[in-house]
Amino acid sequence: MNETERKELTSGFDVQTADLSGRWLVEASAGTGKTFALERIVLRLVIEEAVSIDRILVVTFTNAATAELRERVRALFFKASAVLKNGDEQSEFETFFERSRLREHDPATLIESALEHFDEASILTIHGFCQKMLSEFIFTRAGAYDVEFVSDTGFEAEVTQAFLRRELPALTPEQRAKVLEWGSLPQLLSKLGEHGSSVKPQARIDSDDLSDPALKELFERFLQEGPRRVRELERLHGVKSFSALLTEMYSLVQSGDSALERIRNRYDAVLIDEFQDINKIQYDVVKLLAGDSQNLFAVGDDDQSIYRFRGAKPEIMLHFKEDFKEAETVLLDTNYRSTVPIVTAAGNVIKYNKERFPKKIQAAGGDGAAVEYLLFEGQREENARIIWDIQEAIDHGANYRDFAILFRTNMQPRFLMEQLMAYNIPFRTRDSIPNLYEHWLAKDLFAYIRIAMGSRERRDFLQIMNRPKRYISRDSLDEPTVAFDVWEWYYEEQPWVAKRIGQLEHDIKVLERLSPYAAINYIRKAIGYDEFCAEYA
């Protein structure tokens, strides 16, 4: 980022007075009033610009954020309504009311109308917005867009297995061995469905394999047939993945028919929350919706992007002005939650990120205790120190509600929770207490052990038959109990799959003779479960 671009990140954005027309990128660091700004932009659009509440689109990226923002906006309108009824001229809303009256609007009528029609407000997740638009603009033969959306249909794995069962017999044993190592094919289909042409499929396959003309031709045919077959299965079962929803929405708005213009005409302003979590296809949809004239407010913090593993691209935020050259780029630069030592320490950590807006955040909380950081040999020692610190503070008059403990993943707190209960330290958690034995990893291992102990129940085999990958179809298990000889016979015409079933039977017989500890190690190392986890987990 050059010096000119650095200066474009202007601090001092005032949501109370900012011009609401045009395009805005609001860089809102943690604790600087991001949601405060969003909800007041909505209120000002209604009061000052007389925009109907149902003509404002607010897009978020999680259900929790959507629910919170919807309730906060509703509460703000109730608060403004109460202020008007009580005649409080010194309220925070008075400048809004004055500008409304100068434009010959009646703020009371506008607010009451917004509250009356608030259930029609488009405060939605990006997926919720896409589903709403598709349900209105796409009609199936049955007369409605009636589709269930799920995070994972499983069709990618099904299509991959069917393709390989059909194609592998024509290959040599050496070629088959190479193809069976292309373990990321289902994930590749999923990525193609979500990101389309931006995916580089060849990067996922060993280049030496693709130097073989037969394998190269096979791979290209898979890329052509696979996505089409996934879409066919989705239509057949009335189920789509969330990634398919996005691609279908993109197809709708860039198809050249009247749908895009009709959607644009529906909204006078588009607001995007948590903009750092947007991915490419979502951004492509937003750009098409914004067009050349739509008012657009994008609010986010490039330093808080944590969803890159789900396809989020925070760099989109950094290059916003390349697509919207007339946009104002501003910074909310005062943290109202924290003290100077906390804000300074956070800034010293994050400043080493290379791809970010340079920024200097000030703290409104004044001076406070210095930030301590400690390193421990393991989680047990870390938990012991946390408990000691809490008990020490309680002995000196502190209250349990004075403490908060944050974790990076939802599996980490289990051990600490057990120790807190052992020491009779009361606590509350927003999530259910995680149970290690309910994790899918544990369920897989237990299924292997149950089979080794004699279980032949179909559900146990369904749990582990493709962990690691064996390319076995669910259709091959059509009875409540499983017999290995019948199972192998099912794949008589696909001997490479029958061989894998035979190997599984051999592994189960080995497990029968092992102690629990040795059995777990055998599953992880000899059967290849660790490699499966590294690739898929």
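Look up a bit, the structure's there.
What counts and what doesn't
- Every residue gets a number counted from 1 within its own chain, in the order that chain's sequence is written.
- Under the rules for a predicted model, residues below a pLDDT of 70 receive no local features and side-chain atom pairs below 80 are neither given nor counted, while totals for whole chains, interfaces and linings still include all residues.
- Note: side-chain values were computed over all heavy atoms of the structure, leaving out hydrogens and water.
- The helix and strand labels rest on DSSP assignments: H or I over at least four residues marks a helix, E over at least two residues marks a strand, and numbering proceeds from the N terminus.
- Per-residue accessibility, obtained with a 1.4 Å probe over protein chains only, is compared with the maximum for each type, and a residue is labelled buried under 20%, exposed over 50%, and partly exposed between these values.
- Throughout, a residue-residue contact means that at least one pair of heavy atoms, one from each residue, lies within 4.5 Å.
- Only the protein chains shown count as covering a residue, and every accessible area follows the Shrake-Rupley method with a 1.4 Å probe.
- Every case where a carboxyl oxygen of Asp or Glu lies within 4 Å of a side-chain nitrogen of Lys or Arg is listed as a salt bridge.
- Two N or O atoms count as a polar contact when they lie within 3.5 Å, although within protein this holds only if one can serve as hydrogen donor and the other as acceptor, and sequence-adjacent residues are included solely when both atoms are side-chain atoms.
- Nonpolar side chains (Val, Leu, Ile, Met, Phe, Trp, Tyr) within 5 Å and like charges within 9 Å form the patches, drawn only from residues with over 30% relative accessible area and no salt bridge.
- The charge count treats Lys and Arg as positive and Asp and Glu as negative. His and the chain ends do not count.
- A charge is said to be at NZ when it belongs to Lys, at CZ for Arg, at CG for Asp and at CD for Glu.
- Two strands are said to pair when DSSP picks up at least two bridges between them.

A count of helical and extended segments in the protein chain gives 25 helices and 11 strands. Across the 537 residues of the protein chain, 43% fall into the buried class. For the protein chain, long-range pairs separated by at least 24 residues make up 74% of all intrachain contacts whose partners lie at least 6 apart in sequence. In the structure as shown, the protein chain presents an accessible area of about 30,000 Å², 50% of it carried by carbon and sulfur atoms.

What follows is about the environment of Ser338. With respect to the helices and strands, the residue Ser338 is situated in the loop between strand 10 (334–335) and helix 17 (340–350). Judged by relative accessible area, Ser338 falls into the buried class, the value being 16%. Separated by 308 residues in sequence, Ser338 and Ala30 have C-alpha atoms that sit 9.5 Å apart.

Here we come to the pattern of salt bridges. As enumerated under the stated definition, the model contains 36 salt bridges in all. For Asp273, the salt bridge is made with Lys34, and the minimal N-O distance between the two is 2.9 Å. Taken together, the positions of Asp273 in the loop between strand 7 (269–272) and helix 14 (280–290) and Lys34 in helix 2 (residues 34–47) put the pair 239 residues apart, joining distant regions of the chain. Accessibility assignment for this pair places Asp273 and Lys34 in one class, buried. Among the salt bridges present, the one from Glu232 reaches Arg229, with a minimum N-O distance of 3.2 Å. With a gap of 3 residues between them, Glu232 and Arg229 both fall in helix 11 (residues 213–237), about one helical turn apart. Among the charged side chains, a network of salt bridges with common partners joins Glu39, Arg40, Glu68, Arg72, Lys79 and Glu92.

Glancing now at the side chain of Thr66. Examined against the element boundaries, Thr66 turns out to sit in helix 3 (residues 63–86). Thr66 sits in the buried class, given a relative accessible area of 11%. One polar contact links the side chain of Thr66 to the main-chain carbonyl oxygen of Thr62, over a distance of 3.0 Å. Beyond its immediate chain neighbours, meaning those up to four positions away, Thr66 contacts Thr60, Ile123, Leu124 and Thr125.

As for its placement among the helices and strands, Ser251 is situated in helix 12 (residues 242–253). For Ser251, a relative accessible area of 39% gives the class partly exposed. On a C-alpha basis, the gap between Ser251 and Val285 in space is 9.2 Å, while along the polypeptide they are 34 residues apart.

Here we take up a negative patch on the surface. Residues Glu158, Asp475, Asp478 and Glu479 make up a contiguous surface patch of negative charge. Looking at where Asp478 falls in the secondary structure, it is placed in the loop between helix 21 (458–464) and helix 22 (484–490). The exposed category is assigned to Asp478, whose relative accessible area is 61%.

The next subject is helix 14. Counting buried positions along helix 14 yields 8 of 11 residues, so the element is predominantly enclosed. Residues of helix 14 that are buried: Ile281, Gln282, Tyr283, Asp284, Val285, Val286, Leu289 and Ala290. Capping of helix 14 at its N-terminal end is provided by Asn279; its side-chain oxygen lies 3.3 Å from the backbone amide nitrogen of Ile281. Two residues or fewer past helix 14, Gly291 is found with a positive phi of approximately 55°.

Our next topic: the pairing of strand 3 (residues 56–60). The buried count for strand 3 comes to 5 of 5 residues, which makes it a mostly enclosed element. Side chains Ile56, Val58 and Thr60 of strand 3 all project onto a buried face; the interleaved residues Leu57 and Val59 project onto the opposite face, where all are buried too. Examined bridge by bridge, strand 3 and strand 7 share 4 bridges and lie parallel to one another. Directly across from Val59, in strand 7, lies its bridge partner Ile272. Judged from the 4 bridges that link them, strand 3 and strand 4 (residues 122–125) form a sheet pairing that is parallel. The partner of Leu57 across the bridge, within strand 4, is Ser122.

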